[in-house]
Amino acid sequence: QLQQSGPGLVKPSQTLSLTCAISGDSVSSNSADWNWIRQSPSRGLEWLGRTYYRSKWFYDYAVSVKSRIIINPDASKNQFSLQLNSVTPEDTAVYYCVRDSNWGLFDNWGQGTLVTVSS
Amino acid sequence: EIVMTQSPLSLSVTPGQPASISCKSSQSLLQGDGKTYLYWYLQKPGQSPQVLMYEVFRRFSGVPDRFSGSGSGTDFTLKISRVEAEDVGVYYCMQGIELPYTFGQGTKLEIK
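Description of the structure in this document. (Residues numbered from 1 in each chain as written. Chains lettered and ligands numbered in written order. Predicted model: local features only at pLDDT ≥ 70, side-chain atom pairs only at ≥ 80, totals over all residues. Heavy atoms only, no water.)

### Things to note about the overall build of chain B
For step 1, the next point in the chain: What chain B contains, in helices and strands, is zero helices and eleven strands.
For step 2, the next point in the chain: Starting at the N terminus and walking to the C terminus, you meet the elements of chain B as β-β-β-β-β-β-β-β-β-β-β.
For step 3, the next point in the chain: Taken over the C-alpha trace, chain B has a radius of gyration of 13 Å; the compact-globule value for 112 residues is 13 Å, and the two agree within 12%.
For step 4, the next point in the chain: With respect to the three principal axes, the spread of C-alpha positions in chain B is 40 × 25 × 25 Å.
For step 5, the next point in the chain: By residue count, 45% of the 112 residues in chain B fall in the buried class.
For step 6, the next point in the chain: Looking at chain B alone, contacts between residues at least 24 apart form 54% of all its contacts between residues at least 6 apart.
For step 7, the next point in the chain: For chain B, the accessible surface area stands at approximately 5100 Å², while carbon and sulfur atoms represent 48% of it. (Helix = DSSP H or I, 4+ residues; strand = E, 2+ residues; numbered from the N terminus. Rg over C-alpha atoms; globule rule 2.2 N^0.38 Å. Buried < 20%, exposed > 50% of the residue type's maximum accessible area, 1.4 Å probe, protein only. Contact = heavy atoms within 4.5 Å. Areas by Shrake-Rupley, 256 points an atom, 1.4 Å probe, with all protein chains shown as cover.)

### Examining the overall build of chain A
For step 1, the next point in the chain: Of the regular secondary structure elements, chain A holds zero helices and eleven strands.
For step 2, the next point in the chain: Its helices and strands in sequence order give chain A the pattern β-β-β-β-β-β-β-β-β-β-β, from N to C terminus.
For step 3, the next point in the chain: Relative to a compact globule of 119 residues, whose C-alpha radius of gyration would be 14 Å, chain A shows 13 Å and is just as compact.
For step 4, the next point in the chain: For the C-alpha atoms alone, the extent of chain A along its principal axes is close to 40 × 25 × 20 Å.
For step 5, the next point in the chain: Every one of the 119 residues in chain A was classed for burial, and the buried ones make up 47%.
For step 6, the next point in the chain: Sequence separation of 24 or more characterises 51% of the internal contacts of chain A that already satisfy a separation of 6 or more.
For step 7, the next point in the chain: For chain A, the centre of its 10 positive side-chain charges and the centre of its 9 negative side-chain charges are spaced 5 Å apart. (Lys, Arg positive; Asp, Glu negative; His and termini not counted. Charge placed at Lys NZ, Arg CZ, Asp CG, Glu CD.)

### Overview of the interface of chain A and chain B
For step 1, the next point in the chain: Each partner contributes to the interface: chain A provides 18 residues, whereas chain B provides 18 residues.
For step 2, the next point in the chain: Among the residues of chain A in contact with chain B, A:Leu45, A:Trp47 and A:Trp103 are the three that bury the most area, contributing 37% of the side total.
For step 3, the next point in the chain: Where chain A meets chain B, there are zero salt bridges.
For step 4, the next point in the chain: On inspection of chain A and its partner chain B, the count reaches ten residue pairs in polar contact (both at pLDDT 80 or more).
For step 5, the next point in the chain: Elements represented by at least two residues in the side of chain A that touches chain B include exactly β4 (33-40), β5 (44-53), β9 (93-100) and β10 (106-109) of chain A.
For step 6, the next point in the chain: Of the residues in the side of chain A that touches chain B, the class split is eight nonpolar, six polar and four charged. (Buried area = accessible area lost by both parts, 1.4 Å probe. Salt bridge = Lys/Arg side-chain N within 4 Å of Asp/Glu carboxyl O. Polar contact = N/O pair within 3.5 Å; in protein donor to acceptor, adjacent residues only side chain to side chain. Nonpolar A, V, L, I, M, F, W, Y, C, P; charged D, E, K, R; others polar.)

Have a look at this one:
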């Protein structure tokens, strides 16, 4: 189970921060990747990035957000987070945290968080 | 990045009738390990997406056998042999062969 938390309203130029708490699995699992995906009417489903642990932590980010995004695992709390800096109204979307158990097999999704970027 | 193109973008089907959705990728999804990383997801109204099919034709746990997937290389099809009311929603294909993972635009299935 993935349980998301975080604010639903962020002001332009500020930072979007969401957290995904994991139950029934481990963020340090050697067989899962932990992703953030967003969905908006204009962009559809858009993969943003992932983190995974294979003896050390790895990170991959979409080029479209690479300069603004950080995905941070927290093994002590068994969760991972999304930080998206310098947001604009184009970042308004439903954000999902998602487990990938094998090369795009997204078998567990969070409930989704609608984040609106507006002043 | 790999572009995924679905057709049609909407379907209206009578219960008990079949339905078919096409998905084309801008490059082959066949990996060196012999597997083809093409997935189908269904997003029911008000819900998060859920996986239906993986590696083209493998049904995910709990998915009814009226769903089937086929295709190879760049051309893929999802078929529902007999549509039921619970099948309404938006269907997405997705490629998992390279980053960024990319989705099709979605096909909205409605019941007549």
